[in-house]
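Given next are the chains, with one letter for each unit.
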Amino acid sequence: MTVKKSSPDRVPDRVSSLPPYIPGKPIEEVERELGFTPIKLASNENPLGPSPKAIEAVARYLAQSHRYPDAAGTYLREKLAARHSVEMNHIVLGAGSTELIQLLCHVYLEPGRAGLTSQGTFVMFPLAVRAAGGQALEVPLQDYAYDLDALAGRLDDTVRVVYLANPNNPTGTLFTATAFDRFLARIPESVLVILDEAYCDYVERPDYSRSLDLVRSGRYLMVLRTFSKAHGLAGLRVGYGIAHPEIISALNKIRSPFNVSSLAMVAAQAALDDTEHIRRSVESNRRGLAFFARELPRLGLRTIPSAANFVYCETGRAAKEDFKALLQMGVIVRPMGFMGLPAGLRITVGTEEENQRVIEALAKLQQSAAASAGRERSRA
Ligand SMILES: Cc1ncc(COP(=O)(O)O)c(C=O)c1O
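Residues numbered from 1 in each chain as written. Predicted model: local features only at pLDDT ≥ 70, side-chain atom pairs only at ≥ 80, totals over all residues. Heavy atoms only, no water.

Considerations on the sheet that holds strand S5 (residues 159-165)
- Spatially, S2-S8-S7-S6-S5-S3-S4 is the arrangement adopted by the seven strands of the open sheet, whose pairing is mixed. Sheet topology places strand S2 (91-94) and strand S4 (135-139) at the edges, where each strand pairs with a single neighbour. Averaged over all adjacent pairs, the angle separating strand axes in this sheet is 20°, with direction ignored.
- Sheet analysis places S2 next to strand S8 (residues 239-243), joined by four bridges and oriented antiparallel. Residue pairing across strands places Ile 91 opposite Ile 242, the latter belonging to S8.
- Contacting S2, S5, strand S6 (192-196), strand S7 (221-226) and S8, helix H5 (residues 97-108) crosses the sheet at an angle of about 155° to S7. (Pairing = 2+ DSSP bridges. Helix = DSSP H or I, 4+ residues; strand = E, 2+ residues; numbered from the N terminus. Axes fitted to C-alpha atoms, helices over the stretch in contact; angles between N-to-C directions. Contact = heavy atoms within 4.5 Å.)

Description of the site of the ligand
- Among the 14 residues in the neighbourhood of the ligand, the closest are listed as Asn 169, Asp 196, Tyr 199, Thr 226 and Ser 228.
- With respect to the ligand, the side chain of Thr 98 contributes an N or O atom lying 2.7 Å from an oxygen atom.
- In the model, an oxygen atom of the ligand is placed 2.6 Å from a nitrogen or oxygen of the Asn 169 side chain.
- In isolation the ligand has 400 Å² of accessible area, and contact with the protein removes 92% of it.
- Taken together, the elements giving at least two residues each to the shell around the ligand come down to H5 and S5.
- Among the residues making up the shell around the ligand, the classes are represented as five nonpolar, six polar and three charged. (Near = heavy atom within 4 Å. Polar contact = N/O pair within 3.5 Å; in protein donor to acceptor, adjacent residues only side chain to side chain. Areas by Shrake-Rupley, 256 points an atom, 1.4 Å probe, with all protein chains shown as cover. Nonpolar A, V, L, I, M, F, W, Y, C, P; charged D, E, K, R; others polar.)

Considerations on the environment of Leu 345
- With respect to the secondary-structure elements, Leu 345 resides in strand S13 (residues 344-348).
- Considered as a pair, Leu 345 and Lys 320 are 25 residues apart in the sequence and their alpha carbons are 8.3 Å apart.
- In this view, Leu 345 contacts Val 311, Tyr 312, Cys 313, Thr 315, Ala 319, Asp 322, Phe 323, Leu 326, Val 333, Arg 334 and Pro 335; residues no more than four positions away in its chain are not counted.

Some details on the domain arrangement of the protein
- Partitioning the protein into domains gives domain 1 (23-49 + 276-373) and domain 2 (52-273).
- When each unit is reduced to the centre of its C-alpha atoms, the spacing between domain 1 and domain 2 is 26 Å.
- Across the domain 1/domain 2 interface, buried area totals approximately 2,100 Å², and carbon plus sulfur atoms make up 63% of it.
- When the area that domain 1 buries against domain 2 is broken down by residue, the three leading residues are Ile 278, Ala 307 and Met 339, summing to 26%.
- Taken together, the links from domain 1 to domain 2 amount to one salt bridge.
- Between Glu 204 and Arg 286 there is a salt bridge, with its nearest N and O atoms 2.8 Å apart.
- The interface formed by domain 1 and domain 2 contains nine residue pairs in polar contact (both at pLDDT 80 or more).
- Those elements that provide at least two residues to the side of domain 1 that touches domain 2 are helix H12 (275-298) and strand S10 (310-314). (Domains from an automatic or database assignment. Buried area = accessible area lost by both parts, 1.4 Å probe. Salt bridge = Lys/Arg side-chain N within 4 Å of Asp/Glu carboxyl O.)

Re the nonpolar core
- Residues Leu 164, Phe 180 and Met 222 are the most contacted members of the largest nonpolar core, which totals 80 residues.
- Examining the composition of this core, we find that seven residues originate from one element, helix H11 (residues 262-273), more than from any other.
- Here this core spans two domains, and each of domain 1 (23-49 + 276-373) and domain 2 (52-273) adds at least three residues to it.
- For Phe 180, the contacting residues outside a window of four places in its chain are Leu 148, Leu 164, Phe 175, Val 193, Leu 195, Leu 214 and Leu 221.
- In terms of nonpolar packing, the next biggest core, distinct from the first, is built from 21 residues, Ile 39, Phe 292, Leu 301 and Val 358 among them. (Core = buried A, V, L, I, M, F, W, Y, C linked by side-chain atoms within 4.5 Å. Buried < 20%, exposed > 50% of the residue type's maximum accessible area, 1.4 Å probe, protein only.)

Description of the side chain of Thr 315
- Looking at the secondary structure, you find Thr 315 in the loop between S10 and helix H13 (319-328).
- There is a polar contact of 3.1 Å between the side chain of Thr 315 and the backbone nitrogen of Arg 317.
- Of the polar contacts made by the side chain of Thr 315, one reaches the side chain of Asp 322; its length is 2.4 Å.
- Non-local contacts of Thr 315, meaning those with residues more than four positions away in its chain, are made with Leu 301, Asp 322, Ala 343, Leu 345 and Gln 366.

Looking at the packing of H5 against helix H10 (residues 245-254)
- Following both chains from N to C, one finds H5 and H10 inclined at 95°, their axes separated by 10 Å at the closest point. Comparing the axis directions of H5 and H10 gives the class roughly perpendicular. Within the contact between the two elements, H5 uses Leu 100, Leu 103, Leu 104, His 106, Val 107 and Tyr 108 and H10 uses Ile 247, Ala 250, Leu 251 and Ile 254. (Parallel < 35°, antiparallel > 145°, perpendicular 65-115°, else oblique.)

Comments concerning the pattern of salt bridges
- Using the criterion set out here, one finds 20 salt bridges in the structure.
- Put simply, Arg 279 and Glu 276 hold a salt bridge, and the shortest N to O gap is 2.7 Å. You can see Arg 279 and its partner Glu 276 sitting in helix H12, three residues apart, about one turn around the helix.
- Taking the relative accessible area as the measure of exposure, Arg 279 reaches 41% and is therefore partly exposed.
- Taking the shortest distance from any N to any O, the salt bridge between Lys 324 and Glu 321 comes out at 3.5 Å. One end of the pair, Lys 324, and the other, Glu 321, are both in helix H13, three residues apart, so they sit about a helical turn from each other.
- Looking at Glu 321, the relative accessible area reads 46%, which means it is partly exposed.

Some words on helix H3 (residues 52-61)
- Taken as a whole, H3 has its buried residues at Ala 54, Ala 57 and Val 58. With its buried residues spanning 100° around the axis, H3 presents them on a single face. Relative to its buried face, H3 has exposed residues pointing more than 90 degrees away, namely Ala 59 and Arg 60.
- In this structure, the buried residues of H3 make contact with H11. (Arc of directions from axis to C-beta.)

So this is what it looks like as structure tokens:
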């Protein structure tokens with residue numbers, strides 16, 4: 001049977017109008033095309049791999065995989081509650097923090113309501129807003145960072161959710177706890193603020209965040225965290241939210257009861273205890289960030305200080321073309337057009353060897369761009 005061409009009656013416009021999320025190619029496919037092993041620094045994963053304690057825990061638990069997970073996520077939530085000094089009713093688990101972003105939009109938005117964020121930020125939020133039937137509003141970045149004044153100034157009666165990633169993906173910029181306090185003072189409690197702290201483990205600044213104090217004090221706020229970054233568990237899909245209990249109970253009404261797998265939960269519990277793995281990951285990242293901060297400007301690339309596990313840079317050419325050229329050299333990075341920054345490349349901090357390889361590839365790219373610019377000039 002053939003299905004007739006798309007009909008607006010079947011897939012509603014709020015979904016059919018969405019651009020599809022185009023993921024990076026699987027590394028195995030790129031390897032087959034190139035004939036050699038590329039390095040993948042495209043998705044802000046941990047280059048040191050998963051926490052070894054998490055790997056052991058998963059291996060031990062695998063034989064229990066015929067059982068459904070604990071729908072309440074009791075043990076992991078208990079551990080997180082103790083870690084963050086909150087009651088368990090302040091914590092919800094998600095299949096990655098992106099699932100929680102989607103669920104939050106489904107709870108708080110509908111046609112006639114809007115979700116507000118900045119341009120040049122994590123694309124899953126505006127997509128989730130639109131998928132929920134809401135209107136996605138954005139204000140421009142200022143010097144590659146959130147313009148918190150402009151965001152607060154953009155509020156109107158339709159805005160019900162505001163999303164901020166701190167540090168921001170893809171620019172790696174950060175706002176301080178004091179700046180956030182000033183921002184929150186301008187936001188009515190009828191608006192849900194989502195503060196996405198996916199990269200918090202990498203931030204080493206004392207003025208960074210007091211988000212959990214705000215939740216403890218009863219502020220209507222959702223703080224998102226994930227095990228995908230410093231804990232190295234991106235493939236297992238587990239993240240969590242710490243929030244006002246009303247927000248948690250609303251999410252619990254619509255989330256699928258078994259949204260997080262048992263293996264993800266046992267891995268996350270073990271990873272939380274693996275302070276050594278976190279310490280090594282953060283230290284390795286710190287060295288990598290310093291290396292890129294030194295080497296990228298040497299190649300004539302524009303970059304900005306990053307507080308996360310990736311760096312944002314611009315070559316002055318279209319990032320999409322640079323991405324293709326780097327791919328041919330076996331280096332997979334991410335052009336940022338899909339997040340509204342078509343001039344930008346985002347490079348995940350890798351191991352020392354991987355970082356060196358990216359810089360060598362970028363140096364070749366710069367040389368060949370300079371050579372072709374020279375040829376253009378002599379022809380003119
Ligand atoms: C700001 C931000 N939030 C959330 C995520 C996704 O995390 P998860 O793997 O927990 O869904 C990412 C991933 O790149 C991110 O950059």
